[in-house]
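One letter stands for each residue in the lines below.
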Amino acid sequence: MKSLLLLALLLPLVSTVALGLLSFLRSSQYIIEKRTYKIVLFLFSSSLINNIILFFLFLKGDLKEYHFEIVKILIKNIYHFDITVYFDMFSSGYLLCATIITNLIVYYSHRYLHNDPGYQRFFIIISLFFFGLNLVILSGGLNTIFAGWEVIGLSSFLLISYFWHRPKAAIQAQVAYNVYRVTDIGLLASVFISHFLWHGSHLFVEINEAHEALASIPISWRWLLSLSILLPVLGKSAQFPFCFWLPKAMEGPTHSSAIFYGSLSIHAGVFLLIRTMPIWQSTPGMTLVIFFIGLITALLATLCAQVQSNIKGQIGYASIAQVGVMLILLSLNFPKIAFLHMIGNAFLRTFQLLVSGSILTTHLELQGGVKKFSQLSRFSWPRIFSKKIQANLFVLAINEGYLEPIIKLYLIRPIILVADKITALFYLRSSIGMDGSKLKEIKLNMQMLPAILLFFATSWALFLQIVDFLNAIFLITAILLALLSLGEKYSAKRSVTFACLSYFFCLFSTIVLSWQTSHGSLVYLTGFMGSALFSLQLIGYMEKHRRIDSIHNFNGLYQQFPRVSGLLLLGFLGIVGFPLCSTFIGEEILLHMNKHHGIFFMIIFHFIFMINGISLLRLYSYIFFGKRNNIIEGVEMDLSAKSSFLLLNLFVLINVASLLAA
Amino acid sequence: MQPIQYNMLDLNKAFLQVRKFLPVQGPIKDFIHLNILEKFMNEPFHDAIKTAGKAFNAHRYLSFSYYREKFNKNEIKIDDILYILNKHYPNKNNEEINILLENLLNYRPKTIKNENAFPIRSSLFKKINANLDHIVNPILFRLLSSYLDQGVSLWHFLDRSSFAKAVEELASSSKIPLAYFISNKELAKDLNENIDEKIISTFKKIFDSEDYFFDFLKESLVVHRGWSGMVDIVEKRKKSLTLECNINLKEFFLVKILFEWQAIKYFKKNFLPLTINEIEINNINNDYENELLMIWHESMETNYYKKIFAILSQKPKLEKEKFKYQAIFCIDDRECSFRRILEWESADVETFGTAGFFGIDTYLFSQKKGLVEKICPVPIEPEHIISQRQDDDDSYLTSMANFITRHGANSFLLGFLSIHTLGHLSLFGLLASFSHPQRLLFSKRKNQKMPTYINFIRDEKEPKIFGKLFGYSIDEMAERVFRTLNGIDLTCDFKELIFFIGHGSSSMNNPHYAAYDCGACSGRPGRVSARVISSMANHPKVREKLKEKGINIPHTTVFIPAYHDTCTDEIEYYDIDNLTKEQFESFDKFKNTIKNVQKKNAFERCKKFILAKNVTLETALNEVKLRSRAIFEPRPELGHQLNALLVVGRRERTYKLNLEHRSFLQSYNPLKDQDGNVLLSLLSAAIPVCGGINLDYFFSRIDPSVYGSGSKLSHNVTSLVGVGHGLDDDLRTGLPIQMSELHDPIRLLVVVEQEIPMLLSVIKKNPNVFLWVKNFWVRLAALDPYSDKLVMINEEMLA
């Protein structure tokens, strides 16, 4: 069983890596398709068989649950990093459902995506997604789930911007990724809080049996833990107040929208809640919070679905509403019904989205055509209200509950505004006008207020909490640098450099705290420095051939530099601490060693990682996506296959070496 | 520059002029192939491409690499290029020609598309430091698509009587702002005022001079061509939507400009009107590149035309006496290969080609659906209507399932229930759609359903329904049959069995399904027309009348309607109950021949698909059936791809000739048409229909993202009127990439078998058709009826 579980994780990973390597080679579309499909067919079919066997083994077996450790990295007995697997009823069911749907989509794609320039890219993304999802489903602890969570987020970003040349797709990809990144902080925080609370243990096996231990934790801490688990659920499953991004994310090919936003990715949040039930159920009042979030989402999303006049948006909102129902069921302690509901919803929405193209024919040909349908819409439930209330409801629904403007205005925009102002101050130039000469006074406006308050509050808290003055200075500098990186408008290199410098200052602040962190810091330092140098090199290479005028406008360089774009993505992921990169592990070690310095320290650390993540992925999408350039025909600008392969090796080497060094 | 004062009259004029830049495509359920640049047809072809290319920021021709690859494959020869160069630059000396040649092969173009397509708008965006398109369009599109919605949304709230009024009512009765940058009170007040005055006064708030009014109007509407065009079409033809909506372009623009004004105020508190100095217009000059491309393009066309000339000058042998059957097909290029293979397969069949509505100019009223559809070519405005009654063949269960998946599953409580029932069951639906796509419950489409009874004989009791004459009288029937038979020169030598074969196409999960159906039937299957014309021709009284007109149909002759599904290559026959035994035996023989033809035709078509290269003769039918029924196939059939030729002439000229799926074929006998009247009526229908198909594919192929509708993979059906990419997107007009990628954009070559003077005089009689020819939107060639001389009609001849 152990090896089967390992296979379930490894097969999609192998597929991703193999296809990723192949994508550096260039050949005719027909050969690419044939080769890709052969690999994918073999790996995914074996994964299907493997997972079906797993399911039946589980059905037959007496074991209720199964847990084991795959990897354990021990660093001088201070820190251990582990990847664990936990297999129970829920994982087996969800795994089977996910495997069936993904396999169907994969078979479907061969014909569906035939002759599309992104054929190979699509299969890389879908393999990556499947790997991430399997990681989430099979993960034995919160940190493994986090890894999977990030992988799903990344593949989602790549998939929304599948038609990279459309600015709308690129923008929606950014929005979705920002929501992910902001909410994922919660999951990372929960890993550390549980570290903090019960000494390194965040495994589900232990959580499930730790009722007494849980009960002994102070209520405020339990609340913090539960909320930080709830946050990523709201982001990934598009629950209130993050409902808006999901329907808009349906920019990719229809069938991939079906798998991500109709069926599988959207339910990952529900799955996480099922996994962490003991934690949030033991928190008084938490069930009520979940119940009401579910209820509000269900009502709001149903209302939005009622007025959507395009088929995909309607299905998307209907799906969100049903996830809200699942949250309600969970809060009422019916995990099994919620789970059944989830599986049913997954199949139904996949099917609905796949046949969404035939809505014209079903409408016109069946049941007496359009007129009868329009009569049916008279019976929709908002009609019970008076005309005035209806108008209000309609406006609310058509604006999707006003959630996007609110979140943008009060969560995302303040950060970006502050970043803009700081950058402007840094360069002594106007942040609004394009001309770099004038210095305008920085206006305090209402939108910036929360961010500034937060800034002062944190700095104040830092001064209080951590006596060490230097430490505080370093951390504040790090935040400022991260914001500079976000606000940088003209030079991609500078943006990366700022991000990098902010990590340096993070490192300094930990070194100031304790001199013992050298092992961790080595991993951390080599990790992000290696990736940063690697990325800077690539950006430099591109700028040799094409000027990048502004990094706050779309440049659309993907067409010229497909190979560079692949490598640069790796480089950026290396910098922002994507799970399993050495930066990530280094960061974990650093934090782990400094956990006694308290929660504020940790939050700021994560905040910097979040900002840098947003800033670099945004940079990536501005560089590569958003428009089609005039290609000068016959001029090859991209890296050659050989050199890109060498660079890839170099990158892997940096990461491995830094781990080994530790 | 002299400032232009915009008064009310000019405003109307501006709106009249701006319509030129809006697309011509109507709601997608009635997808009809039209010339995408139909509104530019007053200009010569290349000039029109240039004007449109500048206005829409579109490619004018394909890329250099495409043509150069063709050159390397020897599909464009050096002779062709030289011929075109001599034609266009008769005065240039050898050296200059050589430079041009060198550039054609090696020139590296820098700019093909303008980076900034909408200079005035982007100057405005720069000033307020926000992209209004990203801010205003989502809410504007949502309101408009809700307003026009034909049944996607479950709750339709906006009143369909006037768009501006609906928005005004919404603004005045809702406390919640329409969008985060909008103040409802102000909007309601503004919308209450006179539309014309409000447009101008709002414009004046944004710009300080009126010089740019027209350009701003043009840019504002063209930036989302799809929706603007839809508004334009609904304004002109209210009937084009099933649930009628009142909307006009002016009020749509008013709402847009008011929204934008509020957004401007929101993003820049003290906004001063934009002055002329702030408007940056940086037009790149890419005329030289496009001139080179034009030469390439014409060379490619020349190469193809030369090939056709060579093929058509062969002399096929055709012996009329041997024939035992006659089959009348649609003019459609997809029947071209079918007819050829039929002739290869059997020497017994004589084939004809004519427009697939077979002269039946009528609306069709489907009693069960309550739907009235036009089933004749678009330019014809029919006066008749016929009705069809359908047996209840979609089962109660299917209806229920559809109702629940549509209305139930997307609502709240019903959704909960349906997930626990249908949700889990849909797993089997999913599995079935992959393992047995041919048999899926949901793949049932209109084409599989046979209307059991068509009523087209005028009943004195109800002469009129829907304001149209119901059915046809005997005289009218005789006239239609006469015209059709006379047009294709089938006036004597009637064989025992004569088939009228209409065509259509069945495909699943395909919003563009209407584009595959019969173009001459307004994008509907040609089944009804074939059945009606056959019954008319079989009617004894009609035959008597025909005798008076000189067409003597022997009583042993039977007309049999049939229907060819061009996607699956299946053929259905109708109304065969009354055949005598001998006729039935003969019919069986014909059916067997056709079976082989189906196989071979499917096999030939499969070869064009890369993924179907491995099929054998036996599996070909299965493959095309799969393509038709599978929900995961974006390319159900070739469609009209590769079309490039229309031959109007006797079948002797093209009998058994392999024209590679490229040709529309219209039967016509020049020897019997002394005064050219028959030719006139044939060309009046054939050139706009075939030319429209040709140019729809042409432009969709040239620039799929502007003229075409981009990739089919992310299409999202919006309001049942069109498709967009993802949410809140503009409607995409034209054909998707998957439908046009195999097409070689070549202007239609119309070869007419007639003497040149006669042809020219006929062409000039119809100004509309003459426009096509004069401005070279199609190329015309005359095939001498008495020899093999084929002459291209050039400018001098037309002058």
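Rules of the game
All residue numbers refer to positions counted from 1 along the written sequence of the respective chain. Labels are handed out in written order, letters beginning with A for the chains and numbers beginning with 1 for the ligands. Predicted model: local features are reported for residues with pLDDT of at least 70 only, side-chain atom pairs are reported and counted for 80 or more only, and whole-chain, interface and lining totals are derived from all residues. To obtain the side-chain values, all non-hydrogen atoms of the structure were used and water was disregarded. Only DSSP runs of H or I with at least four residues qualify as helices, and only runs of E with at least two residues qualify as strands; both kinds are numbered from the N terminus onward. Note that the radius of gyration is over C-alpha atoms, with the globule rule given as 2.2 Å times the number of residues to the power 0.38. Each residue is assigned to one of three classes by its accessible area relative to the maximum for its type, calculated with a 1.4 Å probe on protein chains only: buried under 20%, partly exposed between the two thresholds, exposed over 50%. The contact criterion used is simple: two residues touch if any of their non-hydrogen atoms lie within 4.5 Å. The protein chains shown are the only cover counted for residues, whose accessible areas, like all others here, come from Shrake-Rupley with a 1.4 Å probe. Under this scheme, a helix contributes an axis fitted over its contacting stretch, all axes are lines through C-alpha atoms, and angles between N-to-C directions fall in the 0 to 180 degree range. Geometric relationships in this document are graded by angle, where less than 35 degrees denotes roughly parallel, more than 145 denotes roughly antiparallel, 65 to 115 denotes roughly perpendicular, and other angles denote oblique. Handedness of a crossing follows from how the near helix is turned relative to the far one, being left-handed for an anticlockwise turn of less than a right angle and right-handed for a clockwise one. Two strands are said to pair when DSSP picks up at least two bridges between them. pLDDT runs from 0 to 100 and stands for how confident the predictor is about each residue. When two components associate, each loses some accessible surface as probed by a 1.4 Å sphere; the sum of these losses over both components is called the buried area. Think of a salt bridge as a Lys or Arg side-chain nitrogen and an Asp or Glu carboxyl oxygen that are within 4 Å of each other. A 3.5 Å cut-off defines polar contacts: any pair of N or O atoms within that distance qualifies, except that in protein one atom must be a possible hydrogen donor and the other a possible acceptor, and neighbouring residues in sequence count only when both atoms are side-chain atoms. Aromatic rings from Phe, Tyr and Trp, with only the six-membered ring used for Trp, were paired whenever their centres fell within 6.5 Å, and each pair was classed as stacked if the ring planes differed by under 30 degrees, edge-to-face if by over 60, and tilted otherwise. The method works on a 1 Å grid over the protein atoms by themselves. A cavity is a set of points holding a 1.4 Å probe that cannot get out, a pocket is an open set with protein on both sides within 12 Å along at least five of seven lines, and residues with an atom within 4 Å of a point line them. Grid points are joined across faces, edges and corners, and a volume is the space filled by probe spheres set on the points. As a working rule, the residues Ala, Val, Leu, Ile, Met, Phe, Trp, Tyr, Cys and Pro are called nonpolar, Asp, Glu, Lys and Arg charged, and the rest polar, with Gly in that last group. Here the nonpolar core consists of buried residues drawn from Ala, Val, Leu, Ile, Met, Phe, Trp, Tyr and Cys, with membership extended through side-chain atoms lying within 4.5 Å. Patch definition: residues above 30% relative accessible area lacking any salt bridge, with like charges linked at up to 9 Å and the nonpolar side chains Val, Leu, Ile, Met, Phe, Trp and Tyr linked at up to 5 Å. Only four residue types enter the tally: Lys and Arg on the positive side, Asp and Glu on the negative side, with His and both chain ends excluded. By convention, the charge on Lys lies at NZ, on Arg at CZ, on Asp at CG and on Glu at CD.

Asks: For this particular structure, what's the right way to read the overall build of chain B?
Replies: Within chain B, the secondary structure is distributed over 27 helices and 18 strands. The globule rule puts the C-alpha radius of gyration for 799 residues at 28 Å, and the 28 Å found for chain B is close to it. Every one of the 799 residues in chain B was classed for burial, and the buried ones make up 63%. Sequence separation of at least 24 residues holds for 74% of the intrachain contacts in chain B that already meet a minimum separation of 6. Carbon and sulfur atoms make up 53% of the accessible area of chain B, which amounts to about 30300 Å² in all.

Asks: How should the packing of helix H18 (residues 474–487) of chain B against helix H20 (residues 540–549) of chain B be read in this particular structure?
Replies: In a pair of packed helices, the angle between the axes and the distance between the axes together describe the arrangement. All names here are of chain B. The contact between H18 and H20 brings their axes to 9 Å, and the two run at 60°. Relative to H20, the element H18 lies oblique. Regarding H18 and H20, the two cross each other, and that crossing is right-handed. Mapping the contact onto sequence places Ile474, Asp475, Met477, Ala478, Glu479, Val481 and Phe482 in H18 and Lys541, Val542, Lys545, Leu546 and Lys549 in H20.

Asks: Sorry, what's going on with the sheet that holds strand S11 (residues 570–573) of chain B here?
Replies: Through backbone hydrogen bonds, the strands of a sheet pair up, either in parallel or in antiparallel fashion. Residues and elements named next belong to chain B. Strands sit in the order S2-S1-S9-S10-S11 across an open sheet of five strands; the sheet is mixed. If you trace the sheet from one side to the other, it starts and ends with strand S2 (349–354) and S11, each paired once. Each strand of the sheet is rotated relative to its neighbour by a mean of 25°, with strand direction disregarded. Here strand S9 (residues 497–504) pairs with strand S10 (residues 558–565) via eight bridges, running parallel. From the neighbouring strand, Phe500 faces S10, where its bridge partner is Pro561. Against the sheet, helix H15 (residues 333–345) engages strand S1 (325–330), S2, S9, S10 and S11, with an angle of about 165° to S2. Strands in contact with helix H21 (residues 581–606) are S1, S2, S9, S10 and S11; relative to S11, the strand with the most contacts, it is inclined by about 165°.

Asks: Please explain the confidence of the model for chain A as it appears in this structure.
Replies: Note: predicted coordinates in regions of low pLDDT should not be interpreted at a detailed level. Of the residues in chain A, 85% have a pLDDT of 70 or more, and the chain-wide mean is 82. Between residues 429–447 of chain A, whose pLDDT stays under 50, and residues either more than four places distant or in other chains, the model counts 31 contacts.

Asks: Got a minute to help me understand the interface of chain B and chain A in this structure?
Replies: The interface is formed by 102 residues belonging to chain B together with 100 residues belonging to chain A. It is Trp155, Leu713 and Leu727 of chain B that lose the most area in chain B upon contact with chain A, and together they represent 10% of the buried surface on that side. At the boundary of chain B and chain A, one finds three salt bridges. One salt bridge connects Arg142 of chain B with Glu400 of chain A, and the closest N-O pair in it is separated by 3.7 Å. The interface formed by chain B and chain A contains 35 residue pairs in polar contact (both at pLDDT 80 or more). When contributions to the side of chain B that touches chain A are tallied by element, the ones reaching two or more residues are helix H3 (64–72), helix H7 (132–148), helix H8 (163–173), helix H16 (396–408), helix H17 (413–435), helix H22 (620–629) and strand S14 (715–718) of chain B. At 13 residues, the largest contribution of residues to the side of chain B that touches chain A is made by H17 of chain B.

Asks: Looking at this structure, I do not really get the packing of aromatic side chains. What am I missing?
Replies: Geometry of an aromatic ring pair is reported as the spacing of the ring centres plus the angle between the planes. Applying the stated criterion to the full structure yields 69 aromatic pairs over all chains. Here Phe157 of chain A and Phe625 of chain A contribute two aromatic rings whose centre-to-centre distance is 6.3 Å and whose plane-to-plane angle is 40°, an arrangement assigned as tilted. Of the two residues, Phe157 of chain A is situated in helix H5 (residues 142–160) and Phe625 of chain A in the loop between helix H27 (599–624) and helix H28 (641–661); the sequence distance between them amounts to 468 residues. With respect to class, Phe157 of chain A is no different from Phe625 of chain A; both count as buried. Where Phe203 of chain B meets Phe216 of chain B, the ring centres are 5.8 Å apart and the plane angle is 45°; that geometry is what we call tilted. Here Phe203 of chain B, found in helix H10 (residues 195–206), pairs with Phe216 of chain B, found in helix H11 (residues 213–222); they are 13 residues apart in sequence, far enough to count as distant.

Asks: I'm lost on empty space enclosed by the protein in this one. Help?
Replies: To find the voids left in a structure, one rolls a probe of water-molecule size over its atoms. Applying the stated criterion across every chain, the model contains 18 cavities of 30 Å³ or more. Tyr112 and Gly357 of chain A together with Asn509, Pro511 and Lys712 of chain B are the residues nearest the centre of the second largest cavity, which is lined by 21 residues in total. When contributions to the lining of the second largest cavity are tallied by element, the ones reaching two or more residues are helix H3 (89–112) and helix H16 (335–354) of chain A together with S14 of chain B. A total of three residues in the lining of the second largest cavity trace back to one element, the largest contributor, which is S14 of chain B.

Asks: Any chance you could explain the environment of Ile145 of chain A here in plain terms?
Replies: Residue and element names in this part refer to chain A. Following the sequence through the fold, Ile145 ends up in helix H5. We classify Ile145 as buried; its relative accessible area is 0%. Residues Ile145 and Leu187, 42 residues apart in the sequence, show an inter-C-alpha distance of 8.6 Å. Not counting chain neighbours up to four residues away, the residues in contact with Ile145 comprise Val136, Ser139, Leu187, Phe204 and Leu272.

Asks: Is there a simple way to think about the sheet that holds strand S17 (residues 779–783) of chain B in this case?
Replies: Residue and element names in this part refer to chain B. Taken in spatial order, the five strands line up as S13-S12-S16-S17-S18 in an open sheet, and their pairing is mixed. Looking at which strands have only one partner, the edges of the open sheet turn out to be strand S13 (663–667) and strand S18 (790–792). This sheet shows a mean twist of 20° between the axes of neighbouring strands, independent of strand direction. For strand S12 (residues 645–649) and strand S16 (residues 749–753), the ladder comprises four bridges, and the chain directions are parallel. Among the inter-strand pairings, Val648 is bridged to a residue of S16, identified as Val752.

Asks: Help me understand the packing of H3 of chain B against helix H14 (residues 287–312) of chain B, please; the structure alone is not making it clear to me.
Replies: All names here are of chain B. In contact at an axis separation of 10 Å, H3 and H14 are set at 35° when each is read in the N-to-C sense. Crossing handedness for the pair H3 and H14: left-handed. Counted together, Phe64, Tyr66, Tyr67, Arg68, Lys70 and Phe71 of H3 and Glu289, Leu292, Leu293, Trp296, His297 and Met300 of H14 form the full contact between these two elements. When the residues that make up the contact of H3 with H14 are grouped by side-chain class, the tally is eight nonpolar, one polar and three charged.

Asks: Please explain the nonpolar core as it appears in this structure.
Replies: Generally speaking, soluble globular proteins have nonpolar side chains that are buried together. Counting 405 residues, the largest nonpolar core has Trp245 and Phe624 of chain A together with Phe56, Leu143, Phe259 and Phe699 of chain B as its most contacted members. Non-local contacts of Phe259 of chain B, meaning those with residues more than four positions away in its chain, are made with Val136, Ile139, Leu140, Leu143, Val167, Leu178, Phe181, Ile182 and Leu187 of chain B. Judged by nonpolar contacts, the second largest core, of 30 residues, contains Ile360, Ile375, Ile488 and Phe494 of chain B.

Asks: Explain a negative patch on the surface here, please?
Replies: Judged by side-chain charge, Glu496, Glu582, Glu585 and Asp588 of chain B come together as a negatively charged surface patch. Residue Glu582 of chain B is classed as exposed on the basis of its relative accessible area of 58%.

Asks: Before we go on, may I ask you to explain the environment of His46 of chain B in this structure?
Replies: All names here are of chain B. You can see His46 is positioned in helix H2 (residues 45–56). Apart from residues no more than four positions distant in its own chain, His46 is found in contact with Tyr61, Met294, Glu298 and Arg747. A polar contact of 2.8 Å, which involves the side chain of His46, links it to the side chain of Glu298.

Asks: Just to check I follow, could you spell out helix H12 (residues 268–275) of chain A for this structure?
Replies: Residues spaced three or four apart along an α-helix face the same direction, because each turn holds 3.6 residues. Here H12 of chain A lies mainly inside the structure; eight of its eight residues are buried. Of the residues making up H12 of chain A, those classed as buried are Ala268, Gly269, Val270, Phe271, Leu272, Leu273, Ile274 and Arg275 of chain A.

Asks: Just to check I follow, could you spell out the side chain of Ser228 of chain B for this structure?
Replies: All names here are of chain B. By secondary structure assignment, the location of Ser228 is in helix H12 (residues 225–236). According to the relative accessible area criterion, Ser228 is buried, its value standing at 0%. There is a polar contact of 2.7 Å between the side chain of Ser228 and the backbone oxygen of Leu221. Ser228 has contacts with Leu22, Leu221, Leu249 and Phe252, leaving out every residue within four places of it along the chain.

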